[in-house]
Amino acid sequence: MNDEPKVASEEQPRSFNNSYFRNHPQEAYKLLRQTTPVARAESAYDSGLVVTKHEDVLTVLRSPEVFSSDAAADVGQIRPLPPLEIDPPEHSKYRKLTDPLFSPKRVAALEGTTRELVIGLIEAIVGNGKANFHKAVAEPVPSIVFLQLLGLPVSRLPEFIELKDGIIRPPVQTMAERAEAVRATGAKIYAVLDEVVKDRVAEPRDDMISGFLDSEVDGHRLTVEEVIDICYLFFLAGLDTVTASLDCMITFLATHPERRQELLDDPALIPNAIEELLRWETPVSRVVRIATQDTELSGCPIAKGTSVSPALISANTDESFMARADEVDFHRETNKHLAFGGGVHRCLGSHLARMELRVVLEEWHARVPHYQIADGVDIQYSEGGLRQVDNLEIIW
Ligand code: HEM
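Residues numbered from 1 in each chain as written. Predicted model: local features only at pLDDT ≥ 70, side-chain atom pairs only at ≥ 80, totals over all residues. Heavy atoms only, no water.

Here's the deal with the overall build of the protein chain
If you tally the helices and strands in the protein chain, you get 16 helices and 12 strands. A globule of 396 residues ought to have a C-alpha radius of gyration of about 21 Å, and the protein chain, at 21 Å, matches this closely. Taken along the three principal axes of its C-alpha coordinates, the protein chain extends 65 × 55 × 40 Å. Relative to its 396 residues, the protein chain shows a buried fraction of 56%. The long-range fraction of contacts in the protein chain, counting pairs at least 24 apart against all pairs at least 6 apart in sequence, stands at 71%. In the structure as shown, the protein chain presents an accessible area of about 17,100 Å², 52% of it carried by carbon and sulfur atoms. Side-chain charges in the protein chain split into 41 positive and 62 negative, and the spacing between the mean points of these groups amounts to 1 Å. (Helix = DSSP H or I, 4+ residues; strand = E, 2+ residues; numbered from the N terminus. Rg over C-alpha atoms; globule rule 2.2 N^0.38 Å. Buried < 20%, exposed > 50% of the residue type's maximum accessible area, 1.4 Å probe, protein only. Contact = heavy atoms within 4.5 Å. Areas by Shrake-Rupley, 256 points an atom, 1.4 Å probe, with all protein chains shown as cover. Lys, Arg positive; Asp, Glu negative; His and termini not counted. Charge placed at Lys NZ, Arg CZ, Asp CG, Glu CD.)

Have a look at this one:
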């Protein structure tokens with residue numbers, strides 16, 4: 001028997017957005033790692049190669065000269081989005097400017113207002129005995145925190161959520177339809193940001209956009225265009241990822257009462273549980289790069305120009321990376337998961353994300369300790385690699 005892994009070119013392309021990959025990704029990627037560590041993708045959301053083994057995912061993330069981020073993903077942008085789509089060495093200029101704005105100290109200063117917001121949202125539904133957690137908590141919390149931080153009007157929240165969803169999960173059937181949909185939505189986002197950034201140029205305020213316009217690194221100031229581009233990325237990164245993470249975590253805890261009981265018995269375990277659930281659920285399941293030269297991974301040839309997508313969720317659940325990778329264990333001593341990516345593009349917002357997740361899990365379980373998925377609801381994770389659960393109907 002030939003036990004060599006199959007090379008991607010011998011395989012039929014597959015959709016990573018079918019219900020098996022969306023709803024049972026840990027199991028689906030486990031099978032794929034064993035047979036086809038580098039697989040071909042094809043659907044309205046995917047094309048190119050998907051990399052599934054932990055060591056190959058790390059190689060891609062840590063080799064930006066071979067796997068470039070330059071315009072790697074089509075999210076309706078007209079210029080590369082800094083810092084995500086800028087390769088080193090220029091990338092570090094943008095991180096030097098933006099890192100201080102998301103430092104642990106800055107984030108700690110936001111905890112009080114975030115907690116007030118979270119308590120208000122939970123108190124509004126706690127007497128009902130049921131809710132769509134996605135709509136009632138997971139969506140508004142990070143979106144309101146982030147709009148306030150950026151200096152965008154919270155009164156326009158529904159409009160911004162619709163714009164962000166229009167980029168991340170447009171209702172389309174083909175890649176061509178997707179390209180057209182994100183271009184049209186992207187134009188609307190640019191129009192909003194153009195207006196707000198130009199307002200701040202005319203009249204600075206105490207918000208992040210004014211901070212960007214004012215900051216300087218190595219004698220460089222950001223241009224108005226660069227500030228608009230950074231905000232475009234933040235708009236997508238800040239509004240969707242924490243929502244997806246909360247959806248995944250509450251779905252898991254609603255369906256695993258014994259794990260939830262551990263948090264009720266010892267709320268100090270929540271930060272550990274967050275890391276373990278980020279690993280197991282990996283809400284941003286894949287990221288994307290473009291090969292700058294002919295290369296190979298796990299014996300699979302990769303041609304220059306190919307879109308290469310490291311599957312973070314597969315790396316995080318790879319047995320070669322972590323003992324008992326299939327078990328969710330809130331007591332792990334080390335947990336070097338890749339849910340926030342790795343290498344130079346590792347998530348800028350990880351401190352903010354962790355604070356928001358912790359505050360929600362603390363305040364939610366203090367008020368609603370016992371809950372479950374409502375009868376008859378068939379939980380569905382969304383398409384497009386970011387794992388939201390729109391139909392997260394729970395009862396308590
Ligand atoms: C639990 C929530 C979050 C998760 C799981 C997450 C995940 C990720 C991942 C996987 C990457 C790497 C992308 C790549 O390598 O191509 C990334 C980058 C990034 N994230 Fe997050 N993120 C989260 C929250 C946030 C928040 C709240 C912000 C708000 C500022 C943010 C801003 C960014 C930015 C700006 C980058 C690009 C960094 C760079 O290229 O240097 N993220 N994030």
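Okay, back to it.
Describing the environment of Trp 396
As for its placement among the helices and strands, Trp 396 is situated in the segment after strand S12 (393–395). In contact with Trp 396, other than residues within four places in its own chain, are Ile 125, Val 126, Gly 129, Lys 130, Ala 131, Trp 364, Val 368, His 370 and Tyr 371. In this structure the side chain of Trp 396 is engaged in a polar contact, spanning 3.1 Å, whose partner is the backbone oxygen of Val 126. (Polar contact = N/O pair within 3.5 Å; in protein donor to acceptor, adjacent residues only side chain to side chain.)

Considerations on the site of the ligand
Close to the ligand lie 25 residues; His 91, Arg 95, Arg 289, His 345 and Cys 347 are nearest. A distance of 2.7 Å separates an oxygen atom of the ligand from a polar atom in the side chain of Arg 95. Broken down by secondary-structure element, the contributors of at least two residues to the shell around the ligand are helix H4 (91–98) and helix H12 (224–255). Element by element, the count of residues in the shell around the ligand is highest for H12, at six residues. Taken together, the residues that form the shell around the ligand break down as 17 nonpolar, six polar and two charged. (Near = heavy atom within 4 Å. Nonpolar A, V, L, I, M, F, W, Y, C, P; charged D, E, K, R; others polar.)

Here's the deal with the nonpolar core
Counting 90 residues, the largest nonpolar core has Phe 102, Phe 133, Val 137, Phe 212, Phe 234, Phe 330 and Trp 364 as its most contacted members. Ranked by residues supplied to this core, first place goes to H12 with 18 residues. With residues near it in sequence (within four places) discarded, Phe 212 still touches Thr 98, Leu 101, Leu 222, Val 227, Ile 230, Cys 231 and Phe 234. Core analysis: the next-biggest nonpolar cluster, separate from the first, contains 17 residues, Phe 67, Cys 300, Ile 302 and Leu 312 among them. (Core = buried A, V, L, I, M, F, W, Y, C linked by side-chain atoms within 4.5 Å.)

Brief notes about the coordination of the iron atom of the ligand
Coordination of the iron atom of the ligand by the protein comes from a single atom, Cys 347 (SG), at 2.3 Å. With respect to the helices and strands, Cys 347 occurs in the loop between helix H15 (312–316) and helix H16 (350–367). (Donors = N, O, S within 2.8 Å, 3.2 Å for Na, K, Ca; no water.)

What to know about the pattern of salt bridges
Scanning all chains against the criterion turns up 33 salt bridges. Linking Arg 200 and Asp 207 is a salt bridge whose minimum nitrogen-to-oxygen distance equals 2.7 Å. Each member of the pair, Arg 200 as well as Asp 207, carries the same accessibility label: buried. Across the salt bridge formed by Arg 354 and Glu 275, the nearest N and O atoms sit 2.7 Å from each other. On the criterion of sequence distance, the pair formed by Arg 354 in helix H16 and Glu 275 in helix H14 (residues 270–281) is long-range, its members being 79 residues apart. What makes Arg 354 partly exposed here is its relative accessible area of 26%. One continuous salt-bridge network, built from bridges that share partners, spans Glu 111, Arg 115, Glu 123, Arg 358, Glu 362, Glu 363 and Arg 367. (Salt bridge = Lys/Arg side-chain N within 4 Å of Asp/Glu carboxyl O.)

Points about helix H6 (residues 111–123)
One turn of the α-helix equals 3.6 residues, which is why residues spaced by three or four share an orientation. End to end, H6 covers 18 Å across 13 residues, agreeing with the expected 18 Å (1.5 Å per residue, within 8%). Listed in full, the buried residues belonging to H6 are Glu 111, Thr 114, Leu 117, Val 118 and Ile 122. Burial along H6 is one-sided: seen end-on, the buried residues are contained in an arc of 130 degrees. Facing away from the buried side of H6, by more than 90 degrees, are the exposed residues Thr 113 and Glu 116. Next to the buried residues of H6 lie helix H5 (104–108), helix H7 (133–138), helix H8 (140–150) and H16. (Expected span 1.5 Å × (residues − 1). Arc of directions from axis to C-beta.)

Quick word on the state of the cysteines
Tallied over the entire structure, the rule returns zero disulfides. Between Cys 231, a free cysteine, and Cys 347, which holds the nearest cysteine sulfur, the sulfur-to-sulfur gap is 16 Å. Taking relative accessible area as the criterion, Cys 231 reaches 0% and is therefore assigned buried. (Disulfide = S-S within 2.5 Å.)

Here's the deal with the packing of H12 against H16
At their nearest, the axes of H12 and H16 sit 10 Å apart, and the two run at 35 degrees to each other. Regarding H12 and H16, the two cross each other, and that crossing is right-handed. Here H12 contributes Val 242, Ser 245, Leu 246, Met 249, Ile 250 and Leu 253 to the contact with H16, which in turn contributes Ala 353, Glu 356, Leu 357, Val 360, Leu 361, Trp 364 and His 365. (Axes fitted to C-alpha atoms, helices over the stretch in contact; angles between N-to-C directions. Left-handed = near helix turned anticlockwise from the far one by under 90°.)

Some thoughts on the sheet that holds S12
An order of S4-S12-S11 is seen for the three strands of this open sheet, with the pairing classed as antiparallel. A single partner strand is all that each edge strand has here, and the edge strands are strand S4 (130–132) and strand S11 (372–373). In this sheet, S12 lies alongside S4 in antiparallel orientation, the contact comprising three bridges. Within S12, the position partnered with Ala 131 by the bridge is Ile 394. (Pairing = 2+ DSSP bridges.)

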